[in-house]
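# Structural features, examined
Each chain, letter by letter, is given below.
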Amino acid sequence: MTNGRDTWRSNLGFILATSGAAIGLGNVWRFPTMATLNGGGAFLVPYVALLFLVGVPAVLGEFALGRAASRGPVGAFRALAANPRWGWVGGLAVLTSTVILSYYSVVAGWCVAYVVGYLSGWPALVAQDALVGASTFAQVISTPRASIGWHGLFMALTAGVVIKGVSGGIERVNRVLMPLLLVLLILLIGQVLSLEGSWEGLVWFLTPRWADVTADGVMAALSQIFFSLSLGGGTLITFASYLPRRSDLPRNAVSIAAADATVAVLAGCMVIPALFAFQLPMESGPKLLFEVMTRVFKEMPATRFVGFLFFFLLSIAALTSAISLLEIWATTWIDERRWSRPTAALSGAAFAFALGIPSAVSQVPGSRLTLLGTDFLSALDFIASDLMLPVTSLLIVVFVGWVWGSNKARKELTEGARQFRTASLWEQAVRYILPVAIVLVMLGALVE
Ligand code: PHE
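Residues numbered from 1 in each chain as written. Predicted model: local features only at pLDDT ≥ 70, side-chain atom pairs only at ≥ 80, totals over all residues. Heavy atoms only, no water.

## So, the overall build of the protein chain
Quick note on the threshold: The way it works is that DSSP assigns letters per residue, a run of H or I at least four long becomes a helix, a run of E at least two long becomes a strand, and they are numbered from the N terminus. The reference for a compact globule is 2.2 Å times residues^0.38; the radius of gyration itself is calculated from the C-alpha atoms. Only protein chains enter the area calculation, which uses a 1.4 Å probe; residues under 20% of their type maximum are buried, those over 50% are exposed, and those in between are partly exposed.
Counting its secondary structure elements, the protein chain contains 18 helices and 2 strands. Taken against the 2.2 N^0.38 rule, which gives 22 Å for 448 residues, the C-alpha radius of gyration of the protein chain at 21 Å falls within 12% of a compact globule. Reported as C-alpha extents along the three principal axes, the dimensions of the protein chain are approximately 65 × 50 × 40 Å. Burial statistics for the protein chain: of 448 residues in total, 59% are counted as buried.

Here it is as structure tokens:
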């Protein structure tokens, strides 16, 4: 490559790494939560539509930008724009990723707590009769100190990997464990659907209900797509910057979006029917996955083993995504200010850890830590995913479509592509459809 940077060893390696960064808590934890809060089948409609209308074209925009510049987000804008101020958009992406990392690590920390809990057989998780009707989550994450502690542990793990550099190890682990997570999801769906009352949940989730689609639901679907595909956070630009010119960008974008959505919908098919079977409240919020799955495992023969395996795989999925989030911060300071890798990684981890503390506390039973009328974690998630990610994405598509130029981007996308039949359509999308769609959806959510 032009500046002697590394490239991916194979295209499959890139797809797996990018899917690994995309697939994480966003799919298994956030998607089912958003779907239950926004009407199940009424959420699925805008989700699927916007995935192809906005998600895939936006991924292509970031891919074109990253590969053409072969730099991280801040450098990419500086390299391709006449006006260096565009570097700020990259800066916004870095900030957004770090805000996401702050509460992402809180939820991931709970996953680690559950891994330890199943390994050591905590009664809340394994005793059949311990808590009929009671919240398991409240027994596992019962104090602010516990929640903050697990958050800190997870952040330290993430920082540890990023300091060493994202080398072969974690990539190889990913290749084995992610398919395993997929297999486990499918097996668990089978188990859940054997529970009484579960089919009703499946029908509620999978039946498209156009009439029930709300502006809030459309906004939630769009922000879910941004979050889940890691759009607007700088990851896609960074990962594509390591691609060789012969790589097929359009094909890669479609594969990654499809893999990401498949895992999300599967997670929905697992969590939502179980929610119906156990008659848990629809508005459980961020705790939903944890409450539901512990009950499912109690119904199964090898409770401890299955519970351990599930949360272990989820922790790994979360770790790979968290690494990509912290790596954006680290790369930026290393490239732009020549910081050493340990300094860059530790400063990002420290910032995100501190910012995560209120989120961690806000989920402890009885906490009153709220913001914008909801719990702190959900509020921060709203700010980052519903506001910051769409705004950054908007700026990125405007940059690609109008400043750098959609024709240059199109040329970039065509290079190495076996076919890109929708090239003209994509140009229209990136110039008109995407910016308008993003603005409309955001306005819709604000006026409702
Ligand atoms: N896409 C990741 C997930 O679904 C989260 C993420 C967002 C990672 C933005 C990087 C950048 O879990």
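## Concerning the packing of helix 5 (residues 87–119) against helix 16 (residues 341–362)
Each pair of packed helices gets described by two things: the angle between the helix axes and the distance between those axes. So the rule is basically this: To get an axis, a line is fitted to the C-alpha atoms, and for a helix only the part in contact is used. The angle between two axes follows their N-to-C directions and goes from 0 to 180 degrees. For classification purposes, angles smaller than 35 degrees are called roughly parallel, those larger than 145 roughly antiparallel, those between 65 and 115 roughly perpendicular, and all remaining angles oblique. We call a crossing left-handed when the near helix sits turned anticlockwise from the far one by less than a right angle, and right-handed when that turn is clockwise. Contacts were defined at the residue level, with two residues in contact if any of their heavy atoms lie within 4.5 Å.
Following both chains from N to C, one finds helix 5 and helix 16 inclined at 55°, their axes separated by 7 Å at the closest point. Relative to helix 16, the element helix 5 lies oblique. Two packed elements cross with a definite hand, and for helix 5 against helix 16 that hand is right-handed. Facing helix 5, whose interface residues are T98, V99, L101, S102, Y103 and V106, helix 16 presents G348, F351, A352, L355, G356, S359 and A360.

## Section: the site of the ligand
Just so we agree on the cut-off: Here, proximity means that at least one heavy atom of the residue falls within 4 Å of the molecule or strand. Counting of polar contacts relies on pairs of N or O atoms within 3.5 Å, with two restrictions inside protein: one atom must be capable of donating a hydrogen and the other of accepting it, and residues adjacent in sequence are counted only when both atoms are side-chain atoms. Each accessible area is a Shrake-Rupley estimate made with a 1.4 Å probe; only the visible protein chains count as cover when residues are assessed.
In the vicinity of the ligand there are 14 residues, among which A22, G26, Y104, F227 and S230 approach most closely. Note that an oxygen atom of the ligand is positioned 3.0 Å from one of the backbone N or O atoms of G26. Within the backbone of S228, one N or O atom sits 3.0 Å away from a nitrogen atom of the ligand. Expressed as a share of its isolated accessible area of 330 Å², the protein-covered part of the ligand is 100%. For the shell around the ligand, the elements supplying multiple residues, two or more each, are helix 1 (11–22), helix 2 (25–37), helix 11 (215–228) and helix 15 (303–337).

## Remarks on the environment of A42
For A42, the location among the structural elements is in helix 3 (residues 41–69). Its relative accessible area of 2% is what places A42 among the buried residues. Discounting residues that sit within four places of it in the chain, A42 has contacts with R209, D212 and V213.

## Notes on the side chain of S321
Position of S321 relative to the elements: it lies in helix 15. Non-local contacts of S321, meaning those with residues more than four positions away in its chain, are made with G20, A21, I23, G24 and Y104.

## Quick notes on the packing of aromatic side chains
Going by this rule: Classification of ring pairs uses Phe, Tyr and Trp, with its six-membered ring standing for Trp, and accepts pairs whose centres are within 6.5 Å; under 30 degrees between planes counts as stacked, over 60 as edge-to-face, and the remaining range as tilted. Each ring is checked for a lysine NZ or an arginine CZ that lies within 6 Å of its centre and within 35 degrees of its normal; such an atom marks a charge sitting over the ring.
Summed over all chains, the structure comprises 26 aromatic pairs. Consider the rings of Y118 and F311, whose centres lie 6.1 Å apart with planes at 15°: the pair is stacked. One end of the pair, Y118, is in helix 5; the other, F311, is in helix 15, with 193 residues separating them in the sequence. Like Y118, the residue F311 is buried in the burial classification. By way of ring pairs, the aromatic residues W110, Y114, Y118, F137, F290, F297, F310 and F311 are connected into one cluster. Of note, R30 hangs over the ring of F227, and the distance from its end group to the ring centre comes to 4.9 Å. Positioned over the ring face of W402 is R431, at 3.9 Å from the centre of the ring.

## Re a nonpolar patch on the surface
Our working definition: Patch membership requires more than 30% relative accessible area and the absence of a salt bridge. Residues of like charge join within 9 Å; the nonpolar side chains Val, Leu, Ile, Met, Phe, Trp and Tyr join within 5 Å. Here a salt bridge means any side-chain nitrogen of Lys or Arg lying within 4 Å of a carboxyl oxygen belonging to Asp or Glu.
There is a patch of nonpolar side chains on the surface, built from L53, W402, V403, Y432 and I433 and spanning about 480 Å² of accessible area. Of all the secondary structure elements, the ones that give two or more residues to the nonpolar patch are helix 17 (376–414) and helix 18 (423–447). One can find V403 in helix 17.

## Section: the packing of helix 2 against helix 13 (residues 249–277)
Where helix 2 meets helix 13, the closest approach of the two axes is 8 Å, and the angle between their N-to-C directions is 60°. Classed by the angle they form, the pair helix 2 and helix 13 counts as oblique. The way helix 2 lies across helix 13 gives a crossing that is right-handed. Every residue of helix 13 that contacts helix 2 at N27, V28, F31, P32, A35 and T36 is listed here: D260, V263, A264, V265, A267, G268, M270, V271, I272 and L275.

## Some details on the pattern of salt bridges
Taken as a whole and judged by the stated rule, the model has 9 salt bridges. Across the pair D212 and R209 runs a salt bridge, and its minimum N-O distance is 2.9 Å. With a relative accessible area of 23%, R209 lands in the partly exposed category. In this structure, the salt-bridge partner of E327 is R341, at a minimum N-O distance of 2.9 Å. A residue pair is termed long-range when its members are at least 10 positions apart, and E327 in helix 15 and R341 in helix 16 qualify at 14 residues. With a relative accessible area of 11%, E327 lands in the buried category. A single network of salt bridges, built from pairs that share partners, joins R67, R245, E412 and E415.

## Quick notes on the nonpolar core
Selection criterion: As used here, the term nonpolar core means buried Ala, Val, Leu, Ile, Met, Phe, Trp, Tyr and Cys residues forming a set that is joined through side-chain atoms within 4.5 Å.
Residues M270, L289, F290, M293, F297, F310 and F311 are the most contacted members of the largest nonpolar core, which totals 154 residues. Setting aside chain neighbours within four positions, we find L289 in contact with V28, W29, M270, V271, F310 and L314.

## Quick look at the environment of L326
Relative to the elements of secondary structure, L326 occurs in helix 15. On the basis of relative accessible area, L326 is assigned to the buried category, the value being 0%. With 18 residues separating them along the chain, L326 and A344 place their C-alpha atoms 9.3 Å apart. When near neighbours in sequence (up to four residues on either side) are disregarded, L326 contacts L101, T158, A159, V162, A345, G348 and A349.

## Quick notes on unusual backbone geometry
Positive phi is not limited to glycine here, since Q279 has a value of about 50°. Position of Q279 relative to the elements: it lies in the loop between helix 13 and helix 14 (288–298). The phi dihedral of R338 falls on the positive side, at around 60°, and the residue is not glycine. Among the secondary structure elements, R338 is positioned in the loop between helix 15 and helix 16. With relative accessibility at 70%, the residue R338 sits in the exposed group.

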